[in-house]
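# Structural description and commentary
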Amino acid sequence: VPQDIRERKGSFFTPQIWVELSQKYLTDVLGENWQDEYYVWDCAAGTGNLLAGLTNKYNIWASTLDQQDVEVMHDRINYGANLLHDHVFQFDFLNDDFSKLPLPLQKIINDPEKRKKLVVYINPPYAEVSSVGEKGKAGVNKSKVHDKYSDKIGTSGREIYILFLARIFDELDGCIIGEFSKLKALQGS
């Protein structure tokens, strides 16, 4: 996907140093064997950088907005990436219904006990509504999730990452959120 389109959508690669640190934090909190005991879903996977280094491919799902990114991940799998083809798929987290998810992931989401073992592990997109300059992002937040939660989240719904967190918090009750991001998540409304 061209860089200008990635920037408009708020898609940026997670550097390996931060991937390793985030996985260390998860290990510190969830225990040494967390990857065998928990399910992992990166619902903003891009090309899968955040998932590099995870060991239990049977418990990992990766979804991304763009089919081109799915194709990149599938190619990476063909060359040894530790993921399963069937667990990597196109999914618009801000617009698609969970019924479009692979059946094994639906079963985890729909079972309150299994959902407690779901780690939604993301470095979500960082794009904010703006109409300033040529790179203005007017309407970038427009989605079903924005429409559903705008009364609850107010002006913070201008931020794409907030929309991800709102849906996760409300619709995946009981899961663990492993969100690794810029300090922006700690400021603003």
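Relevant structure appears above.
Residues numbered from 1 in each chain as written. Predicted model: local features only at pLDDT ≥ 70, side-chain atom pairs only at ≥ 80, totals over all residues. Heavy atoms only, no water.

This brings us to the overall build of the protein chain. A tally of helices and strands in the protein chain yields eight helices and five strands. Taken from the N to the C terminus, the helices and strands of the protein chain come in the order α-α-α-β-β-α-β-α-α-β-α-α-β. Residues counted as buried form 46% of the 189 residues belonging to the protein chain. Approximately 10,200 Å² of the protein chain is accessible, and the part contributed by carbon and sulfur atoms is 52%. (Helix = DSSP H or I, 4+ residues; strand = E, 2+ residues; numbered from the N terminus. Buried < 20%, exposed > 50% of the residue type's maximum accessible area, 1.4 Å probe, protein only. Areas by Shrake-Rupley, 256 points an atom, 1.4 Å probe, with all protein chains shown as cover.)

This part takes up the pairing of strand β1 (residues 39-42). Pairing analysis gives three bridges linking β1 to strand β4 (residues 118-122), with the strands arranged parallel. Directly across from Trp-41, in β4, lies its bridge partner Val-120. In this sheet, strand β2 (residues 60-64) lies alongside β1 in parallel orientation, the contact comprising three bridges. When the bridges of β2 are listed, Trp-41 appears paired with Trp-61. (Pairing = 2+ DSSP bridges.)

A separate point is helix α7 (residues 144-153). For α7, every residue scored as buried is listed here: Val-145, His-146, Tyr-149 and Ile-153. Viewed end-on, α7 has its buried residues packed into an arc of 100°, placing them on one side of the element. Turned more than 90 degrees from where α7 packs its buried face, Lys-144, Asp-147, Lys-148 and Asp-151 sit exposed. Packing partners of the buried residues in α7 comprise α8 (160-171). Phi turns positive one or two residues past the end of α7, at Gly-154, with a value near 55°. (Arc of directions from axis to C-beta. Contact = heavy atoms within 4.5 Å.)

So, about α8. Between its first and last C-alpha atoms α8 spans 17 Å; for 12 residues at 1.5 Å apiece the expected length is 16 Å, and the two agree. Ile-160, Tyr-161, Ile-162, Leu-163, Phe-164, Ala-166, Arg-167 and Ile-168 are the residues of α8 that are buried. On its buried face, α8 sits against β4, α7 and β5 (176-179). (Expected span 1.5 Å × (residues − 1).)

The geometry of α7 relative to α8 is characterised by a closest axis approach of 10 Å and an angle of 85° between their N-to-C directions. One element, α7, and the other, α8, form an angle in the roughly perpendicular class. Residue-level inspection shows Val-145, His-146, Lys-148, Tyr-149, Lys-152 and Ile-153 of α7 in contact with α8, the latter providing Ile-162, Leu-163, Ala-166, Arg-167, Asp-170 and Glu-171. Its residues placed into classes, the contact of α7 with α8 shows six nonpolar, one polar and five charged. (Axes fitted to C-alpha atoms, helices over the stretch in contact; angles between N-to-C directions. Parallel < 35°, antiparallel > 145°, perpendicular 65-115°, else oblique. Nonpolar A, V, L, I, M, F, W, Y, C, P; charged D, E, K, R; others polar.)

One open sheet holds the five strands; their spatial order is β3-β2-β1-β4-β5, and the pairing between them is parallel. The open sheet has two edge strands, β3 (88-90) and β5, and neither has a second partner. Averaged over all pairs of adjacent strands, the angle between strand axes in this sheet comes to 20°, irrespective of strand direction. Packed on one face of the sheet, helix α2 (residues 16-30) meets β4 and β5 and runs near 155° to β4. Sheet strands in contact with α8 are β4 and β5, and its direction is about 165° off that of β5.

Take the side chain of Ser-143 next. As for its placement among the helices and strands, Ser-143 is situated in the loop between β4 and α7. Among residues more than four places away in sequence, those in contact with Ser-143 are Leu-94, Asn-95 and Leu-163.

Further remarks concern the pairing of β2. Where burial is concerned, most of β2 is hidden: five out of the five residues are buried. The two faces of β2 match: Ile-60, Ala-62 and Thr-64 on one face and Trp-61 and Ser-63 on the other face are all buried. The pairing of β2 with β3 spans three bridges and is parallel. Bridge pairing in β3 places Ala-62 opposite Val-88. Considered for its hand, the β-α-β crossover made up of β2, helix α4 (residues 67-78) and β3 is right-handed. (Right-handed = clockwise from strand over helix to strand, strands pointing away.)

Geometric descriptors of this kind do not, in isolation, establish any biological role.
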